[in-house]
Amino acid sequence: MNLDALAISANEARGLAIDAVHACSSGHLGLPLGCAEIGATLFGDQTHGLRYNPEAPKWLNRDRFILSAGHGSMFLYSWLHLSGYEVSLQDLKNFRQLHSITPGHPEFNETPGVEATTGPLGQGVANAVGYALSGKHAAAKFNTAEHTIFDHHVIALAGDGCLQEGVSKEAIAFAGHNQLDNLILIYDSNDVTLDAMADVTQGEDAEQYFASQGWDAVTIDGHDLGAISAALATAKACDNGKPKVIIAKTEIGRGIPEVAGTAKGHGESGANFAESARRGLGLPDGSFYVSEQTKACFAERKDSGVAGFEAWTSIYEAWSAANPELAAELSADVAKVVPSDLIDLIPEFSSDYSNATRAAGGDVIQAVAAAMPSLITGSADLYGSTKNYIKDGDDFGAENFAGRNIWYGIREHAMGAISNGVAYDGLFRASCATFAVFADYLRPSIRLAALAKLPVTYILTHDSVGVGEDGPTHQPVETVSGLRVIPGLDVIRPADPEETAGAWAASMHRTDGPSALFLTRQTVPTYNETSVRTRREGVFYGGYILRKETGPLETILIASGSEVEHCMKAADQLGGGVRVVSMPCMERFDRQSDDYRERVLPASCARRVAIEAGVSGLWWKYVGSGGEVLGIDRFGISAPGDIVMEQLGMAAECVIEAVNELS
Ligand SMILES: Cc1ncc(C[n+]2csc(CCOP(=O)(O)OP(=O)(O)O)c2C)c(N)n1
């Protein structure tokens, strides 16, 4: 497509955005208008733009494009439509309407060509870093001297808002340090945010900042099609170990003179000037206009994308034939295949095993990693404590992108968002670890993983006040339940090593959503009286009978994690009418049939006590108003863990007392 044709398509994309925002009287025009030439180059320039095939949106070697500034969603929808993705003109007309595939902010799984759920600013930058990490890992694992299967780029578009957010700063540092030179960030530098001109809130020298992080930076006129194309060409060609940023100076809202270049250009107010704007852009009367010329140009562009895809497919086929094992592995990775016998591939713990569940987790991850080559892991500078290092997995980094252990540094938020990027890419199973109490630092990314149904596994150790001496800053009390309220997230808090094995297996088998594994710092018992299989599979059910009553059922004791011990000890003393239910995962239990739940917690038995070393609120639904919950509805105490637990009522005697007080 020549520059004139690109320029015309840019203005028509502006028209589409204006009309869509005008139609629903909401949305953001500033970016789609300000970045129209960037969009035209990315999607229209067949030499230096994105490598894509709209007929195969998941092509393994496509360039990945992430719109981090998700509020500019009409930018993405317009260009996907023009490029021939399954986003129709009618879909653009339904922008932001019920059941449309053009929601207010881009949502993964909703729209072909949308690579990430974005909107919370900054996340997309870190997702792109995750995509870049995944691309490097894939190239290192699967390319051979004869065949290159993966050599795509990851291109993100972000604004001032994304770059002001801390998560992007963490991710940018990580990308620079790990030399992810397959990453290109286009910075829509329009000097405007939402409330005001950007200089009210920022004053950094972007080029210097990126250079200091190990990036190559170039500043261009973001409306100059030739300059954008040249910058992309340079960025793509240069494998120098540095991620690239193209700082594109743009005018927000360009095309609507009444608001362009000002904070008023950011949102929907420019749509009030739709008619005059259309005329000014040289568009004919009538809305949602796309010229025959633009259609023809993009049809040609699509043909070249399809041809590129076909050329790659023949390389892929030759590679598959030459490397059947690698090909089988890659296919399994793409299909998210999990060995059906994974639960049996994790060696049983000896009956006298005595350690913390984080230590058990450290053993379990070795077996899971051996069974699932797609598993990668990472820690926010806490491998020594979180124990999730894959021993024969090597370290990920510029020296070895095939390494499976990622060193995130103390960057929890980016760790979460980068893991999401890996999961969006879908080739590898991402897991990552930190202290449970710092889950708050990655919570926005956990929420998005749940929303986007990403199978990320969080390993959150030191899961209660049992942390002890580090004191209340490090003792989670609300964290476990705080995560349970995120829809779609499985929070699993295993009680013993076998439940820890079950927790890992359950999280791996769950391919449509994230799981958080809460593991103890302190030693827990091993409940040998119940079979290994029952304990492991019990986690899949979320809650199960760990000790069955020996006489008529009188009382049910319910707990998760380390507090199961108190129930077992209390049951020893309370006699044969007591049932102990281990409830490692409320969400899984709640998904079971009525029949199963009734079998575990029969309605006929109202004498119930639940205990967990955390806030009590969510447990009431299992004990009912006739029962009792022993929790910790306050912050912890700095003292040895066992003393803190006892002081805060986490003890068998307290369970017994509570039972005896029930009518
Ligand atoms: C985490 C987060 N905080 C706040 C917002 C609300 N918000 C959406 S866009 C925006 C301003 C972004 O400025 P910029 O990136 O410069 O976008 P532009 O004005 O250029 O479109 C804000 C504050 C958000 N989407 N996400």
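Because the structure is a prediction, the values reported are computed rather than measured.

Q: Would you explain the sheet that holds strand β16 (residues 578-582) in this entry?
A: Strand pairing in a sheet relies on backbone hydrogen bonds, with the paired strands running either antiparallel or parallel. Here 5 strands make up an open sheet; going across it, the order is β14-β16-β15-β17-β18 and the pairing mixed. Only two strands of the sheet have a single neighbouring strand rather than two, namely β14 (544-547) and β18 (628-630). Across the sheet, the axes of successive neighbouring strands diverge by a mean angle of 25°, strand direction being ignored. Here 4 bridges tie strand β15 (residues 555-559) to strand β17 (residues 608-611), and the two strands are oriented parallel to one another. Across the sheet, residue Ile558 finds its bridge partner in β17, namely Ala610.

Q: Any chance you could explain the packing of aromatic side chains here in plain terms?
A: Ring pairs (aromatic) are described by centroid distance and by the angle formed between their planes. A full pass over the atoms with the stated rule returns 30 aromatic pairs. Ring pairing ties together the aromatic residues Phe43, Tyr52, Phe65, Phe75, Trp79, Tyr85 and Phe298, which thus form one cluster. Lying over the aromatic face of Tyr209, Lys169 brings its terminal NZ or CZ to 4.9 Å of the ring centre. Stacked on the ring of Phe540, the Lys or Arg Arg588 has its end atom at 5.6 Å from the ring centre.

Q: Help me understand the sheet that holds strand β4 (residues 216-221), please; the structure alone is not making it clear to me.
A: If you walk across this open sheet you meet the 5 strands as β1-β2-β3-β5-β4, and the pairing is parallel. Of all strands in the sheet, those bounded by a partner on one side alone are β1 (64-67) and β4. Between one strand and the next, the sheet's axes are offset by a mean angle of 20°, whatever the strand orientation. Strand direction decides the pairing type here: strand β3 (residues 183-189) and strand β5 (residues 244-249), joined by 6 bridges, are parallel. The residue bridging Ile184 from the neighbouring strand is Lys244, located in β5. Each of β2 (154-159), β3, β4 and β5 is contacted by helix α10 (residues 225-237), which is oriented at about 165° to β4, the strand it contacts most.

Q: Honestly, helix α12 (residues 292-322) in this entry has me stumped. Any pointers?
A: For an α-helix, the turn length of 3.6 residues means that residues three or four places apart are oriented alike. Between the first and last C-alpha of α12 there are 45 Å, a value that for 31 residues agrees with the 45 Å anticipated at 1.5 Å per step. Buried-residue contacts for α12 involve α1 (3-24), α3 (36-44), α4 (73-83), α6 (123-142) and α13 (324-334).

Q: What should I look at first to understand the packing of helix α17 (residues 412-425) against helix α18 (residues 439-451) in this one?
A: Where α17 contacts α18, the axes come no closer than 6 Å and their chain directions differ by 15°. By the angle between their axes, α17 is roughly parallel relative to α18. Of the two possible hands of crossing, α17 and α18 adopt the one that is right-handed. Contacts from Glu412, His413, Gly416, Ala417 and Asn420 in α17 reach Tyr441, Leu442, Pro444, Ser445, Leu448 and Ala449 in α18.

Q: Where do I start with the site of the ligand in this structure?
A: Taken together, 14 residues sit near the ligand, with His71, Gly161, Asn190, Val192 and His266 positioned nearest. Within the backbone of Asp160, an N or O atom sits 3.3 Å from an oxygen atom of the ligand. Within the backbone of Val192, an N or O atom sits 2.7 Å from an oxygen atom of the ligand. Taking 580 Å² as the accessible area of the ligand by itself, protein coverage stands at 74%. When grouped by side-chain class, the residues that make up the shell around the ligand number 5 nonpolar, 7 polar and 2 charged.

Q: Help me understand the packing of helix α15 (residues 357-371) against helix α20 (residues 497-509), please; the structure alone is not making it clear to me.
A: When two helices pack together, their arrangement is given by the angle between the helix axes and the distance between those axes. At a minimum axis separation of 9 Å, α15 and α20 run at an interaxial angle of 45°. Between α15 and α20, the crossing angle belongs to the class labelled oblique. Once α15 is placed against α20, the crossing between them reads as right-handed. Contact with α15, carried on its side by Thr357, Ala360, Gly361, Val364, Ile365 and Val368, involves Pro497, Thr500, Ala501, Trp504 and Met508 of α20 and no other residues of that element. Residues of the contact of α15 with α20, tallied by class, amount to 8 nonpolar, 3 polar and no charged.

Q: Explanation requested: the nonpolar core in the structure shown.
A: In a soluble, globular protein the nonpolar side chains are often hidden away together inside. Counting 135 residues, the largest nonpolar core has Phe43, Phe65, Phe75, Leu133 and Tyr458 as its most contacted members. Ignoring sequence-local partners within four residues, the contact set of Phe43 consists of Leu50, Tyr52, Phe65, Phe75, Leu76, Trp79, Leu80, Ser83, Phe298 and Arg301. Grouped together as the second largest cluster of nonpolar side chains are 45 residues, Ala495, Cys605, Val644 and Ala658 included.

Q: Honestly, the pairing of β5 in this entry has me stumped. Any pointers?
A: As a general feature of sheets, a regular strand has side chains that alternate between the two faces. The buried fraction of β5 amounts to 5 of the 6 residues, a majority that puts the element mostly inside the structure. Inspection of the sheet shows β4 paired to β5 by 6 bridges, in the parallel sense. Opposite Ala217, over in β5, you have Val245 as the bridge partner. For the crossover from β4 across α10 to β5, the handedness is right-handed.

Q: Can you help me understand the side chain of Ser560 in this one?
A: Within the fold, Ser560 resides in the loop between β15 and α22 (564-574). Polar contacts involving the side chain of Ser560 include one to the side chain of Arg493, which spans 2.9 Å. Polar side-chain contacts of Ser560 include one of 2.6 Å to the side chain of Glu612. Dropping the residues within four chain positions of it, Ser560 is found in contact with Arg484, Arg493, Met583, Pro584, Ile611, Glu612 and Trp619.

Definitions and cut-offs
- Residues numbered from 1 in each chain as written.
- Predicted model: local features only at pLDDT ≥ 70, side-chain atom pairs only at ≥ 80, totals over all residues.
- Heavy atoms only, no water.
- Pairing = 2+ DSSP bridges.
- Helix = DSSP H or I, 4+ residues; strand = E, 2+ residues; numbered from the N terminus.
- Axes fitted to C-alpha atoms, helices over the stretch in contact; angles between N-to-C directions.
- Phe/Tyr/Trp six-rings, centres within 6.5 Å; stacked < 30°, edge-to-face > 60°.
- Lys NZ or Arg CZ within 6 Å of the ring centre and 35° of its normal.
- Contact = heavy atoms within 4.5 Å.
- Expected span 1.5 Å × (residues − 1).
- Parallel < 35°, antiparallel > 145°, perpendicular 65-115°, else oblique.
- Left-handed = near helix turned anticlockwise from the far one by under 90°.
- Near = heavy atom within 4 Å.
- Polar contact = N/O pair within 3.5 Å; in protein donor to acceptor, adjacent residues only side chain to side chain.
- Areas by Shrake-Rupley, 256 points an atom, 1.4 Å probe, with all protein chains shown as cover.
- Nonpolar A, V, L, I, M, F, W, Y, C, P; charged D, E, K, R; others polar.
- Core = buried A, V, L, I, M, F, W, Y, C linked by side-chain atoms within 4.5 Å.
- Buried < 20%, exposed > 50% of the residue type's maximum accessible area, 1.4 Å probe, protein only.
- Right-handed = clockwise from strand over helix to strand, strands pointing away.

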